[in-house]
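Below, each chain spelled out in residue letters.
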There are 2 protein chains.
Amino acid sequence: MASERHRIAIIGLGQIGASIGMDIRGSFKGVDVIGHDKDPETAGLARRRGAVDEVAYTLPGAVEDAAIVIVAVPVTAVREVLTVITPNLSDGAIVTDTASTKVTVLEWAEEILPQSVDFIGGHPMAGVETPGVEGAQTGLFQSATWALIPLARAKPASIDTIVNLVRTMGGEPYFADPVEHDSLVAAISHLPIALSINLMRTVSASPSWREMARMAAGSFRDVSRLASGAVDMHNAIFATNRDFVLHWIDSYTAQLQELRALIEQGGDTLREGLQEAYDARDEWLRGRVGETDQHRAYDEIPTASESALSVFGGDRLARLASRFRRGPRN
Amino acid sequence: MASERHRIAIIGLGQIGASIGMDIRGSFKGVDVIGHDKDPETAGLARRRGAVDEVAYTLPGAVEDAAIVIVAVPVTAVREVLTVITPNLSDGAIVTDTASTKVTVLEWAEEILPQSVDFIGGHPMAGVETPGVEGAQTGLFQSATWALIPLARAKPASIDTIVNLVRTMGGEPYFADPVEHDSLVAAISHLPIALSINLMRTVSASPSWREMARMAAGSFRDVSRLASGAVDMHNAIFATNRDFVLHWIDSYTAQLQELRALIEQGGDTLREGLQEAYDARDEWLRGRVGETDQHRAYDEIPTASESALSVFGGDRLARLASRFRRGPRN
């Protein structure tokens, strides 16, 4: 009855960190989720919302004896967090994160973390408009792609552990190297942020903005939505992924000049261009793009239903890891 | 008991036309809503969904004896509709529309409609992603700005009728002249459409689109959403509002170069730029932009609760009009 319990630490209890906590607490017995946030009020709210079992009021205290440490802070804070927690990490602990860019984060992990700790970078492609712990919810990661970028030296067993943790939350692991990851998210996440911000800048700079504002409705709301994202986060994204973002802004600008020419010209060529964009998005919505790709091989890893749901039944870190490991049954 | 009934005709039973029908049928007794759509299947579905009392299978038949005719077709179809219905319009009928651009529509109305008919152009700033009659719903226009652009010769009583019809649906009438309207919507509606389409064009042209597609999530979904709008409608919008759209694409491009420079430079100037965009949207979301403007004077017009809800209780077109008219009680 008094069997040993396992600890998972979540550093940063914003929307992502708290949502992870809610999902983990709902899926595993015998596991304590320890949460820490630099803002004690946020930490308290996360606990009241059921995201953590216990709040640790110091960062080093949060990771003591934790089998898994999930760093869910903005990318620019990751370095400091890794530095502060390192002396207190258990041997064999697995560290992951949720930051938006990965090249810099992997460099920091390589540089700071001891050899006895494995780092698997993570980036769940999910989120809702309401920022912070208020926006946290169970099931946030259901069917969401969750990019995983392991440090080269990470053991397969540690990777499997994180893969199954992600699958338990309904996420779909997607392996990429850090440069590839940052290049891809620059196009499909950071470029849209820049475009939204730039739409707000363009219209609000107009002398007619007051009149426009009354007319602006759903179309404007959607395309400008990302301008309401956390300024700190956007700043961190542009700082750590600058070159790829600039590249995609340039591609976008060149393409916009082509679209401008099509609109000026009108007729069938414009219609074809509009139809192509419509079809491309339709294909994307149907999940028909990227069905087969070079990352598919990772699907050999056992599914959550096979192993992860029972993984915390054991009583040792070693056993925890072995349960996730690809065993002879494969 | 067998008192005379009034007819309102809706031409085009897509999302907007059918939603208008649902709201009108829910608000007025003694009124028959006659619907017509060039696609009989759409018309049938609109009737089954409760958007119309009766389907007219010919366009001229739909407007016979109608006190109000609402033309809810894509802008490029408006000219043909006005031409076909003109011989069958009753003297004193009021015609309005819902098309996305107004300069061209007002020119057509001036040219085609007889002097005995008043035209008040309309443009409800509302809509949901599901296109067509399937996306129609009651309450779609609740709190939505509804631009009204009367033909110069339209009688005040006719304008009042449309104002109150709009208010009955929960819409907020907003008067503009056609050039102003087209310029404003170019910025806050048509530019976002071009930006969404261009985002799809940019990423789907990339050799990495397959990998991107798997990573693309909510941010991408929102900013690219308008690329899934009806190709016909977008084509019509760009055709009838070309010059303003090109103007705003150019403004946007210039602003994007500035944002690019801020991102390249980083630091406090970037942060300030991001904060400005955040604040501008925040102000917009709070409804703090454009609170007082030159159109406010139109608020003298009686509200729906004062007059429109009971307006169809009378038994003559003349009485219908007089009920809407600003009377001595003001």
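Here, the structure is the one placed above.
Please read these numbers as outputs of a predicted model, since none were measured by experiment. Residue numbers here run from 1 along each chain, matching the order of that chain's written sequence. Labels follow written order: the first chain is A, the first ligand is 1, and so on. In keeping with the predicted nature of the model, local features appear solely for residues at pLDDT of at least 70, side-chain atom pairs appear and are counted solely at 80 or more, and the whole-chain, interface and lining totals rest on all residues. Side-chain numbers here rest on the full set of heavy atoms in the structure, without hydrogens or water.

(A) Here's a closer look at helix H2 (residues 40–48) of chain B. Partly exposed residues are those whose accessible area sits between 20% and 50% of the maximum for their type, while under 20% is buried and over 50% is exposed, using a 1.4 Å probe and protein chains only. Secondary structure is summarised from DSSP: a helix means a run of H or I of at least four residues, a strand means a run of E of at least two, and numbering begins at the N terminus for each. Along H2 of chain B, the residues classified as buried are Thr 42, Ala 43, Gly 44 and Ala 46 of chain B. For this analysis, residues touch if any pair of their heavy atoms sits within 4.5 Å. Packed against the buried residues of H2 of chain B are strand E3 (54–55) of chain B.

(B) Looking closely at the relation of the copies chain B and chain A. Superposing chain B onto chain A takes a rotation of 180 degrees combined with a translation of 0.0 Å along the rotation axis, leaving an RMSD of 0.0 Å. Here the transformation between the copies is reduced to the relation of a two-fold axis. In terms of proximity to the rotation axis, the leading residue of chain B is Val 223 of chain B, whose C-alpha is 2.2 Å off the axis. A high fraction, 99%, of the interface residues of chain B reappear at the interface in chain A, so the copies pair face to face through one surface. Here the copies were fitted onto each other by least squares, based on C-alpha atoms from residues at pLDDT of at least 70 in both.

(C) Expanded view of the side chain of Ser 100 of chain A. Secondary-structure assignment places Ser 100 of chain A in the loop between strand E5 (94–97) and helix H5 (103–112). Residue classification places Ser 100 of chain A among the buried residues on the basis of a relative accessible area of 13%.

(D) Up close: the packing of aromatic side chains. Ring pairs are drawn from Phe, Tyr and Trp, using the six-membered ring of Trp, whenever the two centres fall within 6.5 Å, and their geometry is named by plane angle: stacked under 30 degrees, edge-to-face over 60, tilted for the rest. In the structure shown here, the tally under the stated rule is six aromatic pairs over all chains. On the numbers, 4.9 Å between centres and 55 degrees between planes, the contact of Phe 141 of chain B with Trp 146 of chain B is tilted. Overall, the relative accessible area of 0% leaves Phe 141 of chain B in the buried class. Assessed through its relative accessible area of 4%, Trp 146 of chain B is described here as buried. Among the aromatic residues, ring-to-ring pairing joins Trp 209 and Phe 220 of chain A together with Trp 284 of chain B into one connected group.

(E) Region of the structure containing the interface of chain B and chain A. With 94 residues of chain B in contact, the opposing surface of chain A contributes 93 residues. For the chain B and chain A pair, buried surface summed over both sides reaches about 9100 Å², with 64% attributable to carbon and sulfur atoms. Salt bridge, as used here, is a side-chain nitrogen of Lys or Arg placed within 4 Å of a carboxyl oxygen of Asp or Glu. Here chain B and chain A share eight salt bridges between them. The partner of Asp 222 of chain B in a salt bridge is Arg 225 of chain A, and the shortest N-O contact between them spans 2.2 Å. Elements with a minimum of two residues in the side of chain B that touches chain A: strand E7 (145–150), strand E8 (172–175), helix H7 (178–204), helix H8 (209–215), helix H9 (218–224), helix H10 (231–240), helix H11 (242–265) and helix H12 (267–285) of chain B. Only Asp, Glu, Lys and Arg are considered charged, only Ala, Val, Leu, Ile, Met, Phe, Trp, Tyr, Cys and Pro nonpolar, and every remaining residue, Gly among them, polar. Residue composition of the side of chain B that touches chain A, grouped by class: 46 nonpolar, 27 polar and 21 charged. Once two parts are brought into contact, the accessible area they lose, counted with a 1.4 Å probe and summed over both, makes up the buried area.

In short, the description is geometric, and any link to function would need to be established separately.
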